[in-house]
Amino acid sequence: MLSPVETVKLFQSQPEQTFSKGEVIFRSGEPGTVMYGIIEGEIEMYVDGKVIEVIEKGDVFGQGALVHEDHLRGSTVMAKTDCKLAVLDREHFLFAVQQTPLFALEVIRSYSDRHRRLKKILDVLGNI
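Residues numbered from 1 in each chain as written. Predicted model: local features only at pLDDT ≥ 70, side-chain atom pairs only at ≥ 80, totals over all residues. Heavy atoms only, no water.

Topic: the side chain of R114
- Along the chain, the position of R114 falls in helix 4 (residues 101-126).
- Assessed through its relative accessible area of 8%, R114 is described here as buried.
- Once residues within four sequence positions are removed from consideration, R114 is found in contact with E53, I55, D59, V60, F61 and Q63. (Helix = DSSP H or I, 4+ residues; strand = E, 2+ residues; numbered from the N terminus. Buried < 20%, exposed > 50% of the residue type's maximum accessible area, 1.4 Å probe, protein only. Contact = heavy atoms within 4.5 Å.)

What follows is the structure in structure tokens.
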């Protein structure tokens, strides 16, 4: 079974992109037309100027803008380290979901893992 980033690389619609440490990949509220798979490096995801998570090599991010009707980014993402990213537009994302259902499952699992981590953090903060 291919990992999410391997699937993105397989179906990617644009050349791989590189970002230097500290470079903004996208900002909250901007329209999003692509999702990303991390080939190398780590990214930080920010909401209201605060880091809410770090995403590492092998995972995907930015797919929310491809599935929401408004296609807007819900967070700001910055390269924590130098990064190489695979890029997938909505058309190729839908094709990958249709042709490789396990890719869809892995994307859902990625979201679910993040949601679980966020719930744990909120539980800890609620008990402080």
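Re the pattern of salt bridges
- Taken as a whole, this structure holds six salt bridges when the rule is applied.
- As a salt-bridge pair, E42 and K80 come within 3.8 Å of each other at their nearest N and O atoms. Taken as a pair, E42 in strand 4 (residues 42-47) and K80 in the loop between strand 7 (76-79) and strand 8 (83-89) lie far apart in primary sequence, 38 residues in all.
- R117 serves as the salt-bridge partner of E53, at 3.3 Å between the closest nitrogen and oxygen. Of the two residues, E53 sits in strand 5 (residues 50-56) while R117 sits in helix 4, which places them 64 residues apart along the sequence.
- The exposure class of E53 is buried, given its relative accessible area of 15%.
- Judged by its relative accessible area of 41%, R117 falls in the partly exposed class.
- Three or more residues are tied together by salt bridges with common partners; here these are E53, D59, R114 and R117. (Salt bridge = Lys/Arg side-chain N within 4 Å of Asp/Glu carboxyl O.)

What to know about the packing of aromatic side chains
- Evaluation of the coordinates by the stated rule reveals four aromatic pairs.
- Ring geometry for F26 versus F61: centroids 6.0 Å apart, planes at 35°, classification tilted. Separated by 35 residues along the polypeptide, F26 in strand 2 (residues 24-26) and F61 in strand 6 (residues 60-61) bring together distant segments of the chain.
- On the basis of relative accessibility, which here comes to 6%, the residue F26 falls in the buried class.
- Between the aromatic rings of F93 and F103, the centroid separation amounts to 6.0 Å while the plane-to-plane angle is 75°, which identifies the pairing as edge-to-face. Taken as a pair, F93 in helix 3 (residues 90-99) and F103 in helix 4 lie far apart in primary sequence, ten residues in all.
- Exposure remark for F93: the relative accessible area of 6% places this residue in the buried category.
- Among the residues examined, F103 registers a relative accessible area of 2% and is labelled buried.
- Each member of the aromatic cluster is reached from another via a ring pair, and the members are F26, Y36 and F61. (Phe/Tyr/Trp six-rings, centres within 6.5 Å; stacked < 30°, edge-to-face > 60°.)

As for a nonpolar patch on the surface
- A surface patch of nonpolar side chains, amounting to about 360 Å² of accessible area, comprises L118, I121, L122 and L125.
- Position of L125 among the secondary structure elements: in helix 4. (Patch = residues over 30% accessible without salt bridge, like charges linked within 9 Å, V, L, I, M, F, W, Y side chains within 5 Å. Areas by Shrake-Rupley, 256 points an atom, 1.4 Å probe, with all protein chains shown as cover.)

Description of the pairing of strand 4
- Where strand 4 meets strand 5, six bridges bridge the pair, whose relative direction is antiparallel. Opposite V47, over in strand 5, you have K50 as the bridge partner.
- Once strand 4 ends, the chain turns through two residues before running back antiparallel as strand 5, passing D48 with a positive phi of about 55°.
- Pairing of strand 4 with strand 7 involves four bridges; the strand directions are antiparallel. Among the inter-strand pairings, M45 is bridged to a residue of strand 7, identified as V77. (Pairing = 2+ DSSP bridges.)

Interpretation in functional terms is not warranted from these geometric data alone.
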